[in-house]
Amino acid sequence: MTSLSERIELIEKADRCKFSTYGYACGKHVEHGRYLCEEHATAKCASCGQPATHGCDFCGQFVCGTPLCDECTFGTDTTKPADAWGFINHIHISKPEFADKHENRRLKDELLAAARKAEALQQDVAELREALKPFAAVEPVSISTSDGHISSAAFRRARTLLNGGSDADR
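Read on for an overview of the structure.

**Observations regarding the overall build of the chain**
- Counting its regular elements, the chain contains four helices and six strands.
- Reading the secondary structure of the chain in the N-to-C direction produces α-β-β-α-β-β-β-β-α-α.
- Buried residues in the chain amount to 16% of all 170 residues.
- The long-range share in the chain, meaning contacts at least 24 apart out of those at least 6 apart in sequence, stands at 32%.
- Carbon and sulfur atoms form 57% of the exposed surface of the chain, whose accessible area is close to 13100 Å².

See below:
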């Protein structure tokens, strides 16, 4: 049987944040029954956006520590020069067995965002049409003279008056 002090120690260890980077857990106190502190409970995976479960263990000059989920890992973009020195070309990617799942989710999210944007644009067009309805009944104005010519000054005056101006605007 365990002593009271051993039980208290187990409970205190159980109520600590389990978010781990490079083998070191966060260790902040958490609410009983939770395993992540508030900071890590809201962390999103840098690669796919799911809730993060641990920090990136890549060690360049320092440990990366970027939040990742269990379906993502780190890698090196070998298509660029400089190999893997430090953090140059360090990337966060989906593990191969989850790559298709993450790509499908990303494409669905993009499609949903595009559909929302199209819906908002359609709403804007409908509101614009509604706002322009009063102007649809306005007849076009034509200016004619007996000799068929309008002087520049007369045309400017007529345009000013038709646009709601007055002779004082000239």
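**Examining the environment of Asp15**
- Turning to its location among the elements, Asp15 is positioned in the loop between α1 (4-14) and β1 (20-21).
- Given the relative accessible area of 13%, Asp15 is considered buried.
- In the structure, Asp15 is positioned 14 residues away from His29 in sequence and 5.8 Å away in space, judged by C-alpha atoms.
- Every residue in contact with Asp15, bar those within four places of it in the chain, is listed here: Lys28, His29, Val30, His32 and Gly33.

**Some words on the side chain of His90**
- You can see His90 is positioned in strand β6 (residues 90-94).
- Using a relative accessible area of 14% as the deciding quantity, one classes His90 as buried.
- Only 3.2 Å separates the side chain of His90 from the side chain of His92, close enough to count as a polar contact.
- Discounting chain neighbours no more than four positions away, the residues touching His90 are Cys56, Phe58, Cys64, Phe74 and Gly75.

**Observations concerning the pattern of salt bridges**
- Per the stated rule, a full pass over the model turns up four salt bridges.
- In this structure, Glu110 engages Arg106 in a salt bridge whose closest nitrogen and oxygen atoms are separated by 2.3 Å. In this pair, Glu110 and Arg106 are both assigned in helix α3 (residues 99-136), four residues apart and thus about one turn of the helix distant.
- Judged by relative accessible area, which is 43%, Glu110 ranks as partly exposed.
- On the basis of relative accessibility, which here comes to 36%, the residue Arg106 falls in the partly exposed class.
- The network of salt bridges with common partners includes Glu103, Arg106 and Glu110.

**Details of a nonpolar patch on the surface**
- A contiguous nonpolar surface patch, about 330 Å² in accessible area, is contributed by Tyr22, Tyr24 and Val63.
- Looking at the element boundaries, Tyr22 is found in the loop between β1 and β2 (24-25).
- The exposure class of Tyr22 is partly exposed, given its relative accessible area of 43%.

Conventions used here
- Residues numbered from 1 in each chain as written.
- Predicted model: local features only at pLDDT ≥ 70, side-chain atom pairs only at ≥ 80, totals over all residues.
- Heavy atoms only, no water.
- Helix = DSSP H or I, 4+ residues; strand = E, 2+ residues; numbered from the N terminus.
- Buried < 20%, exposed > 50% of the residue type's maximum accessible area, 1.4 Å probe, protein only.
- Contact = heavy atoms within 4.5 Å.
- Areas by Shrake-Rupley, 256 points an atom, 1.4 Å probe, with all protein chains shown as cover.
- Polar contact = N/O pair within 3.5 Å; in protein donor to acceptor, adjacent residues only side chain to side chain.
- Salt bridge = Lys/Arg side-chain N within 4 Å of Asp/Glu carboxyl O.
- Patch = residues over 30% accessible without salt bridge, like charges linked within 9 Å, V, L, I, M, F, W, Y side chains within 5 Å.

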